[in-house]
Amino acid sequence: MPGRESEFVCQGCGHVALAWTGRCPGCGEWNTLVETRRREPRKGGRGVRRPAPTRNAARPVPLREVEAPAVDRLTTGIAELDRVLGGGLVPGSLILLGGSPGIGKSTLTGMALGNLCAAGRSVLYVSGEESAAQVRLRAERLGGDALGVPPLAETSVEAVLGTLEAERPDVCVIDSIQTLSTEGMTGAPGSVGQVREAAGAVMEAAKRLGTAVVLVGHVTKEGSVAGPRVLEHLVDGVLLFEGERERSFRTLRALKNRFGATSEVGVFEMRAGGLVEVADPSARFVGEASRAAGSCVLCAMEGTRPLLVEVQALVAPTEIVPPRRVATGIDRNRLAMIIAVLARHGGPSLAAADVFVNVAGGGRVDEPGADLAIALALASAHRGEPLGAPDGPPLACFGEVGLTGELRFVAHPERRVAEAGKFGLAPVLGPESAEGVDGLKSTATLAAALRSVRGPGALRAA
Ligand code: TYD
Ligand code: MG
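The structure displayed is predicted, hence computed values, not measured ones.

Draft legend 1. Broad picture of the packing of aromatic side chains. Under the counting rule described, the total for this entry stands at one aromatic pair. Relative to Phe268, the ring of Phe241 has its centre 5.9 Å away and its plane inclined at 85°; by these criteria the two rings are edge-to-face. On the criterion of sequence distance, the pair formed by Phe241 in strand β9 (residues 237-242) and Phe268 in strand β11 (residues 265-271) is long-range, its members being 27 residues apart. You can call Phe241 buried: its relative accessible area is 1%. In this structure Phe268 comes out as buried when scored by relative accessible area, which is 1%.

Draft legend 2. Structural context of helix α4 (residues 157-167). Of the positions making up α4, those classed as buried are Val157, Val160 and Leu164. What you see down the axis of α4 is that its buried residues fit within an arc of 65°, all on one side. On its buried side, α4 packs onto β5 (123-127), β6 (151-153), β7 (171-175) and α5 (192-209).

Draft legend 3. Examining helix α7 (residues 332-344) more closely. Compared with the 18 Å implied by 1.5 Å per residue over 13 residues, the 19 Å span of α7 between its first and last C-alpha is a close match. Listed in full, the buried residues belonging to α7 are Leu335, Met337, Ile338, Ile339, Val341 and Leu342. Looking one or two residues beyond α7, the residue adopting positive phi is Gly346, at roughly 90°.

Draft legend 4. Quick look at empty space enclosed by the protein. Tallied over the full model, the rule gives three cavities of 30 Å³ or more. One number sums up the size of the largest cavity: a volume of about 130 Å³. Considering the residues around the largest cavity, the lining is formed by 15 residues, among which Leu81, Leu89, Thr109, Ala112 and Val214 are closest to the centre. Elements supplying a minimum of two residues to the lining of the largest cavity: α1 (79-85), β4 (94-99), α2 (105-118) and β7. The dominant element in the lining of the largest cavity, judged by the number of residues it contributes, is α2, at five residues. For the lining of the largest cavity, the class distribution of residues is 13 nonpolar, two polar and no charged.

Draft legend 5. Examining the layout of surface pockets more closely. Estimates place the volume of the second largest pocket at around 310 Å³. Residue lining of the second largest pocket: 19 residues in total, with Gly104, Ser106, Thr107, Arg138 and Met270 positioned closest to the centre. Contributing elements (two or more residues each) for the lining of the second largest pocket: α2, α3 (132-142), β8 (212-218) and β11. No other element matches the four residues that α3 contributes to the lining of the second largest pocket.

Criteria and thresholds
- Here, residues in each chain are numbered from 1, in the same order as that chain's written sequence.
- Chains and ligands are labelled sequentially in the order written, the chains with letters from A and the ligands with numbers from 1.
- Reporting in this predicted model follows two pLDDT cut-offs: at least 70 for local features of residues, and 80 or more for side-chain atom pairs to be given and counted; totals over whole chains, interfaces and linings ignore these cut-offs and use all residues.
- Excluding hydrogens and water, the side-chain figures rest on all heavy atoms present in the structure.
- Each Phe, Tyr or Trp ring (for Trp, its six-membered ring) is paired with any other whose centre lies within 6.5 Å, and the angle between the two planes then decides the class: stacked below 30 degrees, edge-to-face above 60, tilted in between.
- Helical segments are the DSSP runs of H or I of at least four residues, strand segments are the runs of E of at least two, and each set is numbered from the N terminus.
- Here's how the labels work: a residue is buried when its accessible area is under 20% of the maximum for its type, exposed when over 50%, partly exposed in between, all with a 1.4 Å probe on protein chains only.
- Regarding the arc, it is the one traced by the directions from the helix axis to the C-beta atoms.
- Whether two residues are in contact is decided by their heavy atoms: any pair within 4.5 Å suffices.
- Given a helix with a known number of residues, its expected span is that number minus one, times 1.5 Å.
- Put plainly, a pocket is an open set of points on a 1 Å grid over the protein atoms alone with protein on both sides within 12 Å along at least five of seven lines, a cavity is a set where a 1.4 Å probe fits but cannot get out, and a lining residue has an atom within 4 Å of a point.
- Grid points are joined across faces, edges and corners, and a volume is the space filled by probe spheres set on the points.
- Each residue gets one of three labels, nonpolar for Ala, Val, Leu, Ile, Met, Phe, Trp, Tyr, Cys and Pro, charged for Asp, Glu, Lys and Arg, and polar for the others, Gly among them.

Purely spatial values, then, with no claim about function.
Quick look at the structure:
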């Protein structure tokens with residue numbers, strides 16, 4: 001069909017259709033057709049042309065002979081962001097910053113660009129959602145350097161590329177990738193085809209011009225619908241900005257990073273003047289920890305950084321079958337496993353009780369080291385007795401619980417114990433294989449741990 005620039009390709013079977021249909025005529029799957037830009041067929045015949053053997057052939061060399069000039073990273077002036085990026089933005093790289101609407105993506109990128117601008121870097125803020133005047137209003141709230149950032153209110157990919165080409169900024173933020181659309185494709189902005197096409201074009205320009213580009217993308221609750229997820233394989237890094245909108249704490253973590261570790265986490269707080277870095281999140285979370293029944297302090301690791309959080313549990317008798325298991329901030333399956341292990345290995349049976357477990361402060365813990373804290377909080381909530389010595393500080397612990405009731409080693413026991421020590425939480429209850437760490441009271445099994453936290457003699461420094 002001459003004059004048509006796009007076609008619809010089934011993501012399942014590769015069937016090509018000229019118009020969108022809900023069901024693929026090739027394989028019969030629903031909702032698999034994605035608008036794709038048509039590539040011009042090669043002149044001179046069908047199929048893959050066989051090249052002449054000697055011309056145009058690249059000669060691969062061993063990696064040690066590949067030139068890799070050391071690149072200077074662009075530091076954003078926001079320490080928590082730089083840490084998650086692995087030391088700053090890499091020129092020519094493409095970073096996807098995902099998060100639900102209203103979480104603070106525009107605020108974070110606006111602040112970063114302001115700092116870069118003040119440090120003498122050329123920057124560009126492409127806004128497809130807000131007018132330049134609206135962007136200015138936010139910059140006024142942020143104050144200072146944010147007002148030096150030049151905005152471009154534009155939704156056409158071609159226009160954005162033109163400006164990038166002409167301005168050649170060091171860093172460019174595109175807020176958001178879902179608002180961009182390219183000419184020649186009929187799909188609405190934000191559809192899978194449009195998002196992929198726009199990101200592909202921007203990436204090509206970023207690599208060529210050496211511009212570090214941050215693509216902002218909205219993630220829906222399901223995390224999928226034509227969202228930034230389709231870009232994950234394309235970009236160099238994926239950062240996720242999380243938190244509850246009603247709470248002020250936000251965490252920034254890397255899901256993918258070609259230039260650094262994915263384990264780092266940055267913690268922020270949303271205030272009137274923008275996002276403020278929380279350099280010592282443990283202090284915030286432990287300060288709020290209570291000595292109530294069902295509360296336990298967990299010595300967690302967020303990447304290479306120890307973090308103390310409070311795990312809270314509530315156990316309430318119920319006649320509902322099956323009883324409710326509600327987990328906030330921890331994995332639901334992990335909770336089910338711990339409830340089962342408790343019942344078999346020295347803990348209470350919670351078969352006739354509703355169970356609620358919550359990581360206080362709106363955080364999320366995704367490591368096995370949280371098991372023991374969850375188990376102890378549950379046992380304490382069930383008995384209605386606080387953990388540890390009655391006159392002592394809140395109980396702190398860590399350790400993975402195995403299916404046979406044993407306590408298993410988790411990484412960095414010494415850092416976890418040291419962090420607890422900073423706040424006067426000692427001794428820390430942990431697995432036996434971590435023995436030898438100062439301030440650690442080691443226990444081999446969950447049953448032993450449960451015994452050691454009861455009664456007046458509970459967990460005094462040995
Ligand atoms: P925003 O960065 O626009 O979120 P996103 O781009 O992820 O959709 O801002 C989110 C919220 O933060 C917004 O509802 C208002 C609030 N906010 C503050 O509390 N303080 C501030 O200084 C700014 C700029 C925003
Ligand atoms: Mg925004």
